[in-house]
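Architecture at a glance
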Amino acid sequence: MHYRQGIARTLVVLIVFTASTGVAAAQQNEINNSLTQIEEFVATTLGQIGVIVFLVGAAVWFVSRRSADRAQWGWRGMWGGAGMIILSVSYNVFVSLFENLAPGMIVPVIP
């Protein structure tokens, strides 16, 4: 009788461990998908806003004529937009680098 209880406990522990591991893997996959979507949104938004700011700055700078104030703001807008575009590309490279260096670093806590 004692031998059967030991086998039953072992089977229960094995089933519970397998089920919790499956749940943890599903949670990790869900977290990775969410982080990927957030990363894509940030990079895309930053790049698009950078292009818009660059184009508006260039337009202001080219039509400023003799207004030094408008020319200055146009020049700043162009450089700011260019900086945002460069930051967007750098952000993609940075995230890709760390995704390839440390796969599976997000380890969920197994209850």
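Everything in this summary refers to the structure shown in the same document. Here the structure is a predicted model, which means the values were calculated and not measured.

1. Brief notes about the environment of Glu40
Positionally, Glu40 belongs in helix α1 (residues 2–62). Sequence separation between Glu40 and Val95 is 55 residues; the distance between their C-alpha atoms is 10.0 Å.

2. Section: unusual backbone geometry
In this structure, Arg65 is a non-glycine residue whose phi angle is positive, near 55 degrees. Residue position: Arg65 is located in the loop between α1 and α2 (68–101).

3. Observations regarding the side chain of Ser64
Among the structural elements, Ser64 can be located in the loop between α1 and α2. Residue class for Ser64 comes out buried when judged on its relative accessible area of 5%. Engagement of the side chain of Ser64 in a polar contact is seen with the backbone oxygen of Trp61, the distance being 2.9 Å. If sequence neighbours within four positions are ignored, Ser64 has contacts with Arg70 and Ala71.

4. Looking at the packing of aromatic side chains
Scanning the entire structure with this criterion turns up three aromatic pairs. Summarising the aromatic geometry, the rings of Trp61 and Phe62 are spaced 5.0 Å apart at their centres and angled 50 degrees between planes, so their arrangement reads as tilted. Residue classification places Phe62 among the exposed residues on the basis of a relative accessible area of 62%. Measuring from ring centre to ring centre gives 5.9 Å for Trp75 and Trp79, while their planes differ by 75 degrees; the resulting arrangement is edge-to-face.

5. A few points about the environment of Thr45
Looking at the element boundaries, Thr45 is found in helix α1. For the pair Thr45 and Ser88, spaced 43 residues apart in sequence, the C-alpha separation works out to 8.5 Å.

Parameters and conventions
- Residues numbered from 1 in each chain as written.
- Predicted model: local features only at pLDDT ≥ 70, side-chain atom pairs only at ≥ 80, totals over all residues.
- Heavy atoms only, no water.
- Helix = DSSP H or I, 4+ residues; strand = E, 2+ residues; numbered from the N terminus.
- Buried < 20%, exposed > 50% of the residue type's maximum accessible area, 1.4 Å probe, protein only.
- Polar contact = N/O pair within 3.5 Å; in protein donor to acceptor, adjacent residues only side chain to side chain.
- Contact = heavy atoms within 4.5 Å.
- Phe/Tyr/Trp six-rings, centres within 6.5 Å; stacked < 30°, edge-to-face > 60°.

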